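# Analysis of the macromolecular model
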Amino acid sequence: MAGRFPENFLWGASSSAFQIEGGWDEGGKGMTVADYNSFRRSARQADSKVASDFYHHWKEDIGLMKELGMKIYRFSLSWARIIPDGDGQINQAGLDFYSNVIDCLLENGIQPFVTMYHFDLPYALVEKYNGWEDRRCVYAFERYARLCFEKFGNKVKYWQLINEQNLMIRVDERMNIQEPDPWKADKIRAQMDYHMFLAHALAARACHELIKDGKAGPAVSSTCTYPLTNKPQDVWAAKMNDCMKTVYCLDMHYYGKYPGYYMRYLKERNIVPAMEEGDEEILKAGRMDYIALNYYRTLCASYLPADEEHPAGMRVFRGNEVDFDQYGYCRDEKNVNLKASEYGAQIDPMGLRIVLNDYYSRYHLPMLITENGLGMADELTADGRIHDSYRIDYIRGHLEACALALEDGVELMGYSPWSFMDLLSCHQGFRKRYGFVYVNRDDMDLKDLKRIRKDSFYWYQNVIRTNGEEL
Ligand code: BG6
């Protein structure tokens, strides 16, 4: 009998540059928006200066990836390591670093799956252009993408061009939006979002042009929102939450235009971005080849009526676990049927099956899970181990959901959870850990940065060895 996972299923694990590399200004690397934001927190938690110190430990770390049995490694390149100021001189030392990492992965039988931009815009582009607000940033990204394709395209076939554009765009800090007026901030946001779609489409086109069998797609932050009740308004609110946060973005990458409800929002809020002649063709020609998706939890929502302050029914509200304002038609609610993690994420393996089926029925494209995992304050116990059975339970549940989605007919290429090793959590530094490999450091004490295999490491190793038969 055939197994529950296809023979060629891509088992992996993930990371991102500013969260693991460290060496933040070594080898000619420029400063990034992610560095800038992490340094603002340096007095109270770890920052990107050392992170997990992959920059100096990469050979040892790739050895551990091999031992884990990984078939793919999903990681990101730091744009500012390759082009320090974003659109100027190319930094050979940066290219060499990634070239060595890619070669070493391949020598160890691991396929590199590469994200091109994971929250870390070169800071110089903010200084020069206010980042994505300016169309020049689009061409800077296209140039960077072409360079990467030319240098690494013979070795890397799968590219995720932008990580979680749909989430990043709503976080002012990540976009470097400092405008206090909410309407003006939303106007800038809409322009930045549009420019990222253009940049994505241009890069996807370049990938097809320059790489034989090259595949390009976004890595989206998936959302699955349940209505609090079966009142039609609540159902609508939940649906619109997913549409306004994620589906509009996937539609842009697939159809090359905003769906009607999104255009309506842009018009009613009077923030339709500036578009140029010829853009439509660019957007349509840069269709995504696959969907990389990040999934951690589900949401729950109830209807929030429009009022005078938000006449279009686009109400700004504060999510209970996220610290940024979002627009939508709904109020964030607690789902009493689900347990929440220590950090408030509503844990829901079944939601993953729902998301996979939903996206597959919409686009019929292959999918890859590029993030999924549980962030916890792991403890190194007296026996020198990390007994993270809660993480094993979490991943087991989500892999069960993947197996069911495969049986439903979803083309799921692989599973690459977050994260290969402990890394800098965006908001909780090294207090919140996701890795299969423990990195022996605290927020304020670098200790020896020793790598220690957690219980989940051995468990996942066996999952991969048995191709998912022993979960
Ligand atoms: C994803 C990001 O949204 O969530 C990762 O792509 C991030 O970069 C992950 O680390 C977990 O979030 P956090 O805030 O716990 O680091």
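Use the structure listed above.
Residues numbered from 1 in each chain as written. Predicted model: local features only at pLDDT ≥ 70, side-chain atom pairs only at ≥ 80, totals over all residues. Heavy atoms only, no water.

### Overview of the sheet that holds strand β8 (residues 299-303)
- Taken in spatial order, the three strands of this open sheet run β6-β8-β11, and their pairing is mixed. Looking at strand neighbours, the two that pair on one side only are β6 (225-227) and β11 (330-332), the edges of this open sheet. Taken pair by pair, the neighbouring strands of this sheet meet at an average axis angle of 45°, ignoring direction.
- Sheet topology note: the β6/β8 ladder contains three bridges and is parallel. Among the inter-strand pairings, Tyr226 is bridged to a residue of β8, identified as Cys300. (Pairing = 2+ DSSP bridges. Helix = DSSP H or I, 4+ residues; strand = E, 2+ residues; numbered from the N terminus. Axes fitted to C-alpha atoms, helices over the stretch in contact; angles between N-to-C directions.)

### Looking at the packing of helix α10 (residues 182-210) against helix α11 (residues 232-255)
- Contact geometry for α10 and α11: axes closest at 10 Å, N-to-C directions at 40°. Relative to α11, α10 is oriented so that their crossing is right-handed. In this structure, α10 contributes Asp193, Tyr194, Phe197 and His200 to the contact, and α11 contributes Tyr248, Cys249, Met252 and His253.
- Of the residues in the contact of α10 with α11, the class split is five nonpolar, two polar and one charged. (Left-handed = near helix turned anticlockwise from the far one by under 90°. Contact = heavy atoms within 4.5 Å. Nonpolar A, V, L, I, M, F, W, Y, C, P; charged D, E, K, R; others polar.)

### Concerning the side chain of His200
- Looking at the element boundaries, His200 is found in helix α10.
- Apart from residues lying up to four places away in sequence, His200 is in contact with Leu161, Ile162, Gly217, Pro218 and His253.

### Regarding the site of the ligand
- Near the ligand, the surroundings consist of 13 residues, among which Gln19, His118, Glu164, Lys432 and Tyr434 are the closest.
- Its free accessible area being 380 Å², the ligand has 89% of it covered by the protein chains.
- Across the shell around the ligand, the residue classes tally to five nonpolar, five polar and three charged. (Near = heavy atom within 4 Å. Areas by Shrake-Rupley, 256 points an atom, 1.4 Å probe, with all protein chains shown as cover.)

### A word on the pattern of salt bridges
- All chains considered together, the criterion is met by 34 salt bridges.
- Between Arg4 and Glu407 there is a salt bridge whose closest N-O contact spans 3.9 Å. In this pair, Arg4 is assigned in the segment before β1 (10-14) and Glu407 in helix α15 (residues 389-407), connecting sequence segments 403 residues apart.
- For Arg4, a relative accessible area of 31% puts it in the partly exposed group. (Salt bridge = Lys/Arg side-chain N within 4 Å of Asp/Glu carboxyl O. Buried < 20%, exposed > 50% of the residue type's maximum accessible area, 1.4 Å probe, protein only.)

### A word on helix α12 (residues 260-268)
- Within α12 the residues assigned to the buried category are Tyr262, Tyr265 and Leu266. Buried residues along α12 cover an arc of 95° about the axis, so they all sit on one side. Opposite the packed face of α12, turned more than 90 degrees from it, sit the exposed residues Gly260 and Lys267.
- The positive-phi residue at the C-terminal boundary of α12 is Asn270, with phi of around 60°. (Arc of directions from axis to C-beta.)

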